[in-house]
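Each chain is listed here by its residues.
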Amino acid sequence: MSVLYDTVEPNVIDDEMLKTAVEEQGPSEEVGIIAKMEGIDFMDVTSLRLDYKNILKIDNLWQFPNLTKLQLDNNIIEKIQGLETLVHLVWLDLSYNNIEVIEGLSSLTKLEDLSLHNNRIAAINNLDSLENLQVLSIGNNNLTSLENLTYLRRFKQLRTLNLAGNPLSADEQYKLFVAAHLGNLVYLDFRLLDETIREIANVKYQYSIEELSQNETLERIKQEKEEQLQRELDKHKAAYVEYLNGPFLFDSMYAEDVDGTRLSTLPGVAELVDSYRTKCTEVCQSIFTYGLSHHEKRIAEVAIFNDCLQEAVTENQDAGARKIQEFESKNSELLYELTQITDQQEVDAKSLQYVQDVTKLMDDLITLELQLVEQLEDIIKDYERNIAELVSTFLETVQGLIAQIRDLENQHHEKFLEFSINMLERVLKGEMDEEMTDDLRVLFVDKDTIVNAVSASHDIHLLKIDNREDELVTKIKNWATDLVQKVQREELQRNRKRVAEINIYIDHLRDELDNLDVHEQM
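Residues numbered from 1 in each chain as written. Predicted model: local features only at pLDDT ≥ 70, side-chain atom pairs only at ≥ 80, totals over all residues. Heavy atoms only, no water.

A. Structural view of the sheet that holds strand β7 (residues 135–137). One open sheet accounts for eight strands, arranged β2-β4-β5-β6-β7-β8-β9-β10; its pairing is mixed. Every interior strand has two partners, whereas the edge strands, β2 (47–49) and β10 (191–192), have only one. (Pairing = 2+ DSSP bridges. Helix = DSSP H or I, 4+ residues; strand = E, 2+ residues; numbered from the N terminus.)

What follows is the structure, encoded as structure tokens:
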């Protein structure tokens, strides 16, 4: 059963609808009037109601990145979409719509309460990332399979579940099945699951639950291994040495080398290839080991820089805070005194002194900021030099090792070419008729053919080596460039923000004097 509006045109979630909704749900009375006049920043909105709006498509909600609660119930929504940026959502109501498939919720990892009541959903799925889910209301839908409910076993915090009104809830085994398979559940269809029902259910489904638990354990172990492998791979990628801890590079040389693969089946070639493979893998392992250790050095260098940067900023901020404290200590009672003094000359003198103190404070704060800018500029220049040296050292070492792989390839090529020419002589003499397959025979027609085949194989191998080297060089150079540019960009933003803060504070101090109710001279 779903809500339908056959005679009313669907609405679009546009800025006007959002503005109206925010104003309606905002503060009332005088505070509300002021908010409407000044405008409410969507960034500040944490709760939004868009129910009963005849909405067909979810859109434009990216403007509310800090939403924690969203009501979209009683509309005509057909597809869950447009919620990807609402990563802080804790509570979401999509009940009484026309939704058929659960989707578009993968980024809502903080979601605790989800209502999909009264839609057209036929299967519970696509909720894997909602690890914090505690309440799920999905009654009055088209759920027919009790087995589908085992999907909910992954949500260890799920305590409340509403399935009433689905075809499966009419099954005589419904309550026992849920009680047995969802052991952490406390409330089902708004009623407490009593222990008697749970005990009966556990006995009835004992063996199926044990089998299910075993399968889940095996699946969890498998998933943990996959996650561990992925974490390791991510670490290797960060060090730019992924797939160099084994024969991956060597194997990739032959992956597209048709002629080289054919020739490697010749009698006596296996030993030649195996020797090359072993030596190549050893050098790759050296690159891999060095890359990981050097990655740790880069991490350490970044950490030292960040600590040094933060220390300089903190010291400067503390110095600025002391200047402000000195000013406030000196002038804390002055403004009050100005409201009590009746002598105009004394008022003018104290006002002038206050203005001079404010000006001096501004000069002191700006001077501190300029000093910090110069200090950070020197720190960043040193950092840039250190990063450049690290990159240079890394590339010098790694490219030297890659040059060894290239030398191994050249040596292998020379031996393989010599072997192939000798093999050609035997083929032409008819000594290899039994060992020679049709695929190989077409390569041993004459010297030019076999030389071209071996050379083509060599070119493929060199290209793979060159491409891997280029990839590594490009990545670490881009890392260094992006790192320094990011630091420079953040420092510029910090400086602009600090200068703006100083100006705002100084303007505030001046406004305090301007707005002061000073006694007029009698």
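B. Just the packing of aromatic side chains, in detail. The tally for this structure, following the rule as stated, stands at nine aromatic pairs. Plain terms: the ring middles of Phe 177 and Tyr 205 are 5.5 Å apart, the flat faces sit at 90 degrees to each other, and that makes the pair edge-to-face. Within this pair, whereas Phe 177 is found in helix α3 (residues 174–181), its partner Tyr 205 is found in the loop between α4 (195–204) and α5 (206–238), the two being separated by 28 residues in sequence. Like Phe 177, the residue Tyr 205 is buried in the burial classification. These aromatic residues form a ring-pair network of at least three members: Phe 250, Tyr 254 and Tyr 276. Sitting above the plane of the Tyr 205 ring, Lys 204 keeps its charged end 5.7 Å from the centroid. Residue placement shows Arg 298 over the ring face of Phe 394; its charged tip is 5.2 Å from the ring centre. (Phe/Tyr/Trp six-rings, centres within 6.5 Å; stacked < 30°, edge-to-face > 60°. Buried < 20%, exposed > 50% of the residue type's maximum accessible area, 1.4 Å probe, protein only. Lys NZ or Arg CZ within 6 Å of the ring centre and 35° of its normal.)

C. Representation of the packing of helix α6 (residues 248–255) against helix α12 (residues 447–514). Close contact between α6 and α12 brings their axes to 8 Å; oriented N to C, the two are set at 135 degrees. With respect to their mutual orientation, α6 and α12 come out oblique. Of the two possible hands of crossing, α6 and α12 adopt the one that is right-handed. On α12, the residues that touch Leu 249, Ser 252, Met 253 and Tyr 254 of α6 are Ile 460, His 461, Lys 464, Ile 465 and Arg 468. (Axes fitted to C-alpha atoms, helices over the stretch in contact; angles between N-to-C directions. Parallel < 35°, antiparallel > 145°, perpendicular 65-115°, else oblique. Left-handed = near helix turned anticlockwise from the far one by under 90°. Contact = heavy atoms within 4.5 Å.)

D. Fine view of the side chain of Ser 115. By the element assignment, Ser 115 lies in strand β6 (residues 113–115). Ignoring anything within four residues of it in the chain, the contact list for Ser 115 reads Leu 92, Asp 93, Leu 94, Ser 95 and Ser 137.

E. Looking closely at the packing of helix α10 (residues 344–428) against α12. It is at 10 Å that the axes of α10 and α12 come closest, and there the two elements cross at 175 degrees. Relative to α12, the element α10 lies roughly antiparallel. For the contact of α10 with α12, the residue count by class is 42 nonpolar, twelve polar and 13 charged. (Nonpolar A, V, L, I, M, F, W, Y, C, P; charged D, E, K, R; others polar.)

F. Representation of the state of the cysteines. Within this structure, the stated rule accounts for zero disulfides. Free cysteine Cys 280: the closest other cysteine sulfur is in Cys 284, separated by 4.2 Å. What makes Cys 280 buried here is its relative accessible area of 0%. The class of Cys 284 is buried, set by a relative accessible area of 1%. (Disulfide = S-S within 2.5 Å.)

G. Looking closely at the side chain of His 458. Following the sequence through the fold, His 458 ends up in helix α12. For His 458, a relative accessible area of 11% gives the class buried. At 2.7 Å, the side chain of His 458 forms a polar contact with the side chain of Glu 409. Leave out the neighbours within four places in its chain, and His 458 touches Glu 409, Asn 410 and His 413. (Polar contact = N/O pair within 3.5 Å; in protein donor to acceptor, adjacent residues only side chain to side chain.)

H. Spotlight on the nonpolar core. Judged by nonpolar contacts, the single largest core of 60 residues is most densely connected at Leu 61 and Leu 163. Counting residues per element, the ones that place at least two in this core are α1 (15–25) and α3. It is α3 that contributes the most residues to this core, six residues altogether. Other than its neighbours up to four places away in sequence, Leu 61 contacts Ile 13, Leu 18, Leu 48, Leu 50, Leu 70, Gly 82, Leu 83, Thr 85 and Leu 86. (Core = buried A, V, L, I, M, F, W, Y, C linked by side-chain atoms within 4.5 Å.)

I. Quick peek at the environment of Ala 312. Among the secondary structure elements, Ala 312 is positioned in helix α8 (residues 269–331). Separated by 60 residues in sequence, Ala 312 and Leu 372 place their C-alpha atoms 7.3 Å apart. Contact partners of Ala 312, with chain neighbours within four places excluded, come to Leu 372, Gln 375, Leu 376 and Ile 379.

J. Local environment of the environment of Ile 299. For Ile 299, the position within the fold is in helix α8. By relative accessible area, which is 42% here, Ile 299 ends up partly exposed. Separated by 111 residues in sequence, Ile 299 and Asn 410 place their C-alpha atoms 36 Å apart.

K. Fine view of unusual backbone geometry. Positive phi is not limited to glycine here, since Asn 118 has a value of about 60 degrees. By the secondary structure assignment, Asn 118 is in the loop between β6 and β7.

L. Structural detail: the confidence of the model for the chain. Per-residue pLDDT for the chain has a mean of 89; in total, 94% of the residues score no lower than 70. Low confidence marks residues 1–7, where pLDDT is under 50. Its contacts with residues over four positions away, or in another chain, come to 22 contacts. Contacts from residues 28–35, a stretch scored under 50 in pLDDT, to residues over four places away or in other chains number three contacts. (pLDDT = per-residue confidence, 0-100.)

M. Up close: the pattern of salt bridges. For the structure shown, the criterion picks out 24 salt bridges. Put simply, Lys 330 and Asp 357 hold a salt bridge, and the shortest N to O gap is 3.4 Å. Within this pair, whereas Lys 330 is found in helix α8, its partner Asp 357 is found in helix α10, the two being separated by 27 residues in sequence. Measuring nitrogen to oxygen at the nearest pair gives 2.7 Å for the salt bridge that ties Arg 494 to Glu 369. (Salt bridge = Lys/Arg side-chain N within 4 Å of Asp/Glu carboxyl O.)

N. Fine view of α5. Here α5 spans 47 Å end to end across 33 residues, near enough to the 48 Å set by a 1.5 Å rise per residue. Along its buried surface, α5 packs onto α3 and α8. After α5 finishes, the residue Tyr 240 shows a positive phi value of roughly 65 degrees. (Expected span 1.5 Å × (residues − 1).)

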